[in-house]
Amino acid sequence: MILVVGGAGYIGSHCVKELVKERSVIVLDNLSTGHFWAIDEKAIFIEGDLRDEKVVEKIFLSYKIDAVMHFAANSLVSESVNNPIKYYENNVAGTLNLLKQMVKHNINNFIFSSTAAVYGIPKENVITEESFTNPINPYGKSKLMIEEMLRDFQSAYGLNYVVFRYFNAAGAHSSKEIGEDHEPETHLIPLILQHLLGKREKIKVFGTDYDTLDGTCIRDYIHVTDIAIAHILGLDALLYKRIDNNIYNLGNGHGYSVKDIIDMCERVTGKKATIEYESRRIGDPARLIASSKKIREQLGWETEYNLNKIIETAWEWHINKNLNKILK
Ligand SMILES: NC(=O)c1ccc[n+]([C@@H]2O[C@H](COP(=O)([O-])OP(=O)(O)OC[C@H]3O[C@@H](n4cnc5c(N)ncnc54)[C@H](O)[C@@H]3O)[C@@H](O)[C@H]2O)c1
Ligand SMILES: O=c1ccn([C@@H]2O[C@H](COP(=O)(O)OP(=O)(O)O[C@H]3O[C@H](CO)[C@@H](O)[C@H](O)[C@H]3O)[C@@H](O)[C@H]2O)c(=O)[nH]1
């Protein structure tokens with residue numbers, strides 16, 4: 001049985017959908033940013049907080065857990081700058097609590113959601129796992145601290161782990177049942193699509209004076225189901241001892257500017273956006289593009305969704321969600 005912590009959230013719920021095809025799954029989530037409706041009905045759900053030792057211990061005593069996938073975190077960069085306590089408490093202390101219980105109950109396999117934010121402002125145009133890590137905000141720092149904690153737990157207690165550093169997760173499940181649904185929403189693609197659906201007056205572009213071709217920031221967008229598939233491959237590799245203790249970037253290897261994304265959203269939806277140009281958002285690096293060569297070579301990961309398909313699935317999900325609301 002696989003324990004998915006944060007399985008009601010955006011990326012966690014997509015991983016649960018893949019996992020339940022082959023395995024028994026139990027989800028622990030406090031529903032702080034996730035949704036009960038997003039959890040696949042084949043999974044067992046326990047509403048609780050990962051910082052609550054009793055809740056976590058009860059799960060480990062009640063079920064035979066083969067591996068833990070850990071998605072639960074707070075992950076808003078600007079919030080982390082203003083409220084670092086929340087980030088060190090939930091991300092770092094919460095993960096420590098989970099790992100302590102894993103050691104106590106002799107559960108050795110762990111998959112962790114890290115982020116491109118651990119690289120800070122990278123020097124390279126394309127980032128490999130060997131690129132220097134130098135996070136510039138408490139969110140990125142909290143994730144890097146956990147990565148370091150994992151190394152120590154490996155050498156002291158024999159914990160086997162895989163860390164995935166996601167670049168910009170986007171898109172929605174092909175069933176249109178689940179997709180990105182954050183409140184407040186801060187991510188570029190859902191904000192543009194909400195605007196094009198008439199739910200927001202305009203789309204703001206943060207910064208037009210970056211050292212990029214059109215002056216706006218460049219990111220590497222990766223479909224949430226491609227991320228989920230990487231987790232399945234990582235899990236199998238861990239359980240069948242083909243790898244241990246590895247860190248992998250998850251991205252498509254293509255960089256798109258904010259303007260490119262708006263253009264593509266307009267093309268997919270057939271609608272025209274109203275754009276407002278603003279000054280830079282604090283803490284945004286100009287360019288984040290992943291090399292995912294390592295996971296492609298070692299685990300045979302292949303991505304299925306290009307930017308066009310990412311935005312198409314996201315758009316279908318937004319329309320479907322809107323329809324469901326109208327019908328209710
Ligand atoms: N979305 C991205 O582009 C992106 C990029 C890089 C890394 N990540 C990382 O991926 C993971 C998932 O991101 P997401 O976008 O799905 O976020 P999300 O907010 O949608 O999901 C997080 C889930 O964890 C739950 N949770 C939070 N704190 C908890 C706690 N103390 N106890 C129990 N449950 C708790 C939330 O209710 C939610 O369901 C996070 O760790 C995030 O840092 C996300
Ligand atoms: O209204 C908006 C929202 C965003 N942006 C820009 O769009 C780009 C993408 O922003 P966003 O969608 O907020 O994602 P990121 O800030 O790049 O962060 C995401 O991707 C990172 C990895 O690359 C992860 O660490 C984070 O958890 C995840 O939120 C950035 O240049 C933003 O400045 C705008 O111009 N206008």
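Residues numbered from 1 in each chain as written. Chains lettered and ligands numbered in written order. Predicted model: local features only at pLDDT ≥ 70, side-chain atom pairs only at ≥ 80, totals over all residues. Heavy atoms only, no water.

- Looking at an unreviewed UniProt entry, one finds the chain named UDP-glucose 4-epimerase, with Psychrobacillus mangrovi as its source organism.
- For the record of the chain, the UniProt heading Subunit (unreviewed entry) holds the text "Homodimer."
- What UniProt states about the chain under its Catalytic activity (unreviewed entry) heading is, verbatim, "UDP-alpha-D-glucose = UDP-alpha-D-galactose". (UniProt positions renumbered as here; feature names shortened; annotations may be inferred.)

**Quick notes on the site of ligand 1**
Inference 1: Within the structure, ligand 1 sits among 30 residues, and D29, T33, N90, Y139 and K143 are positioned closest to it.
Inference 2: Measuring from an oxygen atom of ligand 1, one finds a backbone N or O atom of Y10 at 2.9 Å.
Inference 3: At 3.1 Å from an oxygen atom of ligand 1 is found a main-chain nitrogen or oxygen belonging to A169.
Inference 4: Expressed as a share of its isolated accessible area of 830 Å², the protein-covered part of ligand 1 is 96%.
Inference 5: Of all elements in the fold, only α1 (10–19), β5 (109–115) and α5 (138–157) reach the threshold of two or more residues within the shell around ligand 1.
Inference 6: Take the shell around ligand 1: its biggest share by element is 3 residues, from β5. (Near = heavy atom within 4 Å. Polar contact = N/O pair within 3.5 Å; in protein donor to acceptor, adjacent residues only side chain to side chain. Areas by Shrake-Rupley, 256 points an atom, 1.4 Å probe, with all protein chains shown as cover. Helix = DSSP H or I, 4+ residues; strand = E, 2+ residues; numbered from the N terminus.)

**Some words on the side chain of N90**
Inference 1: In this fold, N90 is placed in helix α4 (residues 84–104).
Inference 2: A distance of 3.4 Å separates polar atoms of two side chains, one belonging to N90 and the other to R51.
Inference 3: Sequence-distant contacts of N90, that is, excluding residues within four places in its chain, are made with L50, R51, A73, N74 and T95. (Contact = heavy atoms within 4.5 Å.)

**Remarks on the sheet that holds strand β6 (residues 160–166)**
Inference 1: One open sheet holds the 7 strands; their spatial order is β3-β2-β1-β4-β5-β6-β11, and the pairing between them is parallel. At either end of the open sheet lies a strand with only one pairing partner, and these are β3 (44–47) and β11 (246–250). The sheet shows a mean angle of 20 degrees between the axes of neighbouring strands, taken without regard to direction.
Inference 2: Pairing geometry for strand β1 (residues 2–5) and strand β2 (residues 25–29), over 4 bridges, is parallel. (Pairing = 2+ DSSP bridges. Axes fitted to C-alpha atoms, helices over the stretch in contact; angles between N-to-C directions.)

**Some points on the site of ligand 2**
Inference 1: In the vicinity of ligand 2 lie 22 residues, with T115, H187, K204, R281 and D284 positioned nearest.
Inference 2: Between ligand 2 and the protein, one listed contact pairs an oxygen atom with a backbone N or O atom of T186 at 3.3 Å.
Inference 3: Residue F206 places a main-chain N or O atom 2.9 Å away from an oxygen atom belonging to ligand 2.
Inference 4: With the chains in place, 91% of the 690 Å² that ligand 2 exposes on its own is no longer accessible.
Inference 5: Where the shell around ligand 2 is concerned, the elements lending two or more residues are α6 (188–196) and β8 (203–206).
Inference 6: Per element, the largest residue contribution to the shell around ligand 2 is 3 residues, and it comes from β8.
Inference 7: Residue composition of the shell around ligand 2, by class: 13 nonpolar, 5 polar and 4 charged. (Nonpolar A, V, L, I, M, F, W, Y, C, P; charged D, E, K, R; others polar.)

**A short note on empty space enclosed by the protein**
Inference 1: Tallying each qualifying case throughout the model produces 2 cavities of 30 Å³ or more.
Inference 2: For the largest cavity, the calculated volume is near 50 Å³.
Inference 3: The wall of the largest cavity is formed by Y10, A170, G171, E180, I189, P190, L193, A314, W317 and H318.
Inference 4: Partitioned by chemical class, the residues of the lining of the largest cavity number 7 nonpolar, 2 polar and 1 charged.
Inference 5: The calculated volume of the second largest cavity comes to roughly 40 Å³.
Inference 6: E18, L19, E22, R23, I232, L235 and D236 are the residues that line the second largest cavity.
Inference 7: When contributions to the lining of the second largest cavity are tallied by element, the ones reaching two or more residues are α1 and α7 (224–239).
Inference 8: Top element by residues in the lining of the second largest cavity is α7. It accounts for 3 residues. (1 Å grid on protein atoms, 1.4 Å probe; cavity = no way out; pocket = protein on both sides within 12 Å on 5 of 7 lines; lining within 4 Å. Points joined across faces, edges and corners; volume = space filled by probe spheres on them.)

**Regarding the pattern of salt bridges**
Inference 1: Under the counting rule described, the total for this entry stands at 18 salt bridges.
Inference 2: The salt bridge partner of R280 is D209, with a shortest N-O separation of 2.9 Å. Here the residue R280 occupies a position in the loop between β13 (275–278) and α9 (293–299), and D209 occupies one in the loop between β8 and β9 (218–219), the gap between them amounting to 71 residues.
Inference 3: Here R280 falls in the partly exposed class, since its relative accessible area comes to 44%.
Inference 4: Its salt-bridge partner being E266, residue K272 comes within 3.4 Å of it at the nearest N-O pair.
Inference 5: Overlapping salt bridges, with partners in common, bring together K17, D40, K42 and E177 in one network. (Salt bridge = Lys/Arg side-chain N within 4 Å of Asp/Glu carboxyl O. Buried < 20%, exposed > 50% of the residue type's maximum accessible area, 1.4 Å probe, protein only.)

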